[in-house]
Every structure is written in C-alpha cells, then in structure tokens.
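Take a look at the letters that make up each chain.
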Amino acid sequence: MALDEMTIRRLVLTELAKAGERYIPVGVSARHVHLTTADVERLFGAGYRLTPCKKLSQPGQFAAQERVTLAGPRGRIDKERILGPARKETQVEVAFADAMRLGLKDIPVRMAGELSGTPGLRLVGPAGELALDHGAIVAARHIHMSVAQARAYGVHDGMAVSVRVAGIRRCLLENVVCRVGDAHELELHLDT
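**Some points on the overall build of the protein chain**
Then step 1. When helices and strands are tallied, the protein chain shows four helices and 14 strands.
Then step 2. Here the protein chain has a C-alpha radius of gyration of 18 Å; the compact-globule value for 192 residues is 16 Å, and the two agree.
Then step 3. When its C-alpha atoms are laid out on the principal axes, the protein chain stretches across 55 × 40 × 30 Å.
Then step 4. Buried positions account for 45% of the 192 residues belonging to the protein chain.
Then step 5. As displayed, the protein chain offers around 10900 Å² of accessible surface, 53% of which is attributable to carbon and sulfur atoms.
Then step 6. Of the charged side chains in the protein chain, 26 are positive and 22 negative, and the gap between their average positions amounts to 3 Å.

Below is the structure:
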C-alpha cells in the first residue's frame, strides 16, 4: 500500500499525541479572499470558475490563480489571492496592518464564517466590482484537526486552548480555537 506524505504525517502526529507528545505543524495565513460562486461570476464573468494553482494543507482547498483588488475607505491592496473552493458567504481575511491601510475601522478578530457586525469593503475584478456591506475580519488563531486527531489531543470543536511555542523565542499563544472535522488536517493557523 502506497502512502502519500500527508497520510504519513497525519498517522505519525496522531500516534505521537496518543503517547503524550503533542506537535502541531504551523501555517502562516496571509491575507486572502473567499468568494461565493455567484461572486466569482460577478468579478470574473458569467460561468467563470476559479483555477487552482497550488494545493493548501487543508484537504480540497487551494490557492487560486485569480486575484482581486481590495478597496477600502482609505486605500487599496492590489492582486490579492483568492482561496477556493467557493464558500457559502464571501469574506476577506486581513491582518490588522492591512485593515489600517484600507481604512477599515473596528475590524474584529473572528473565526472564519463569523461575519455579522463586520466591516465591508469593495472587491474589484477584471469583469466587475462587488461592494460588501460586511465580511472583513482578522482571523482568530485556530488549529485545524481531524476527529481522530482531536481525540488524540483531548480536545473538541470550538474549544479554546493554549499553545506553547518552544525554542529561543518561546512564547505562549492563548485562546487558540480548535476547528475539528473530517475535512480538516492538523495545522495551527497564525496570521501575519
């Protein structure tokens, strides 16, 4: 039986966790955009579908070849990456410095999908524009993990944990939210 690199990593990290050794791969999440299918068509044209250019660590997710411009009340950021596949609701994840550059006031730290009461902005694509009245967030720190990994780590979906970072610049990251599901792969996501 041939095993791919992701399967081997999952098995090794899960077995280590069962033995009490808890290691978590870290992924840095730069600003990005998630679009609905309808919004992809508004920005790129009728019937348009995103073109995958790079697989991401989470199963089935990818960085798309297409990019958009983020336009806020005070500034803009060109050529912003879109992540696929299409989502139920369009959202924009930025860092605090990006929010200041765009002029987005009172941007909250939230989990993906928790968009009520968030500021909006404009998205500009090659075939059109989209004015969002909400949908911009700074992503909360979170750990993706499968159900089996969550059992091995002794956590559940939505649970907030602390993560100790070892090394010369050690630190403690508090209030890191666990995202557990069958479509998740073990990785801690931190923004820039």
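Continuing now.
**A word on the pattern of salt bridges**
Pairs can form between side chains of opposite charge whenever their charged atoms are close.
Then step 1. Overall, the coordinates contain eight salt bridges when judged by the stated rule.
Then step 2. A salt bridge links R31 to E80, with the shortest nitrogen-to-oxygen separation between them at 2.5 Å. Of this pair, R31 sits in the loop between β1 (26-29) and β2 (32-34) while E80 sits in strand β5 (residues 76-84); the two residues are 49 residues apart in sequence, bridging distant segments of the chain.

**Points about the pairing of strand β4 (residues 62-71)**
Then step 1. Taken across its ten residues, β4 has eight buried, putting it largely inside the fold.
Then step 2. Bridge analysis of strand β3 (residues 52-55) against β4 gives three bridges, and the strand direction is antiparallel. When the bridges of β4 are listed, K54 appears paired with A63.
Then step 3. Hairpin connection from β3 to β4: six residues lie between these consecutive antiparallel strands, with G60 at a positive phi of about 80°.
Then step 4. As judged from the six bridges shared by β4 and β5, these two strands associate in the antiparallel manner. The partner of A71 across the bridge, within β5, is R76.
Then step 5. Between the end of β4 and the start of β5, which pair antiparallel, lie four residues.
Then step 6. Summarising the sheet, β4 and strand β8 (residues 122-124) pair through three bridges and their orientation is antiparallel. Bridging across to β8, T69 finds its partner in V124.

Cut-off values and rules
Residues numbered from 1 in each chain as written. Predicted model: local features only at pLDDT ≥ 70, side-chain atom pairs only at ≥ 80, totals over all residues. Heavy atoms only, no water. Helix = DSSP H or I, 4+ residues; strand = E, 2+ residues; numbered from the N terminus. Rg over C-alpha atoms; globule rule 2.2 N^0.38 Å. Buried < 20%, exposed > 50% of the residue type's maximum accessible area, 1.4 Å probe, protein only. Areas by Shrake-Rupley, 256 points an atom, 1.4 Å probe, with all protein chains shown as cover. Lys, Arg positive; Asp, Glu negative; His and termini not counted. Charge placed at Lys NZ, Arg CZ, Asp CG, Glu CD. Salt bridge = Lys/Arg side-chain N within 4 Å of Asp/Glu carboxyl O. Pairing = 2+ DSSP bridges.

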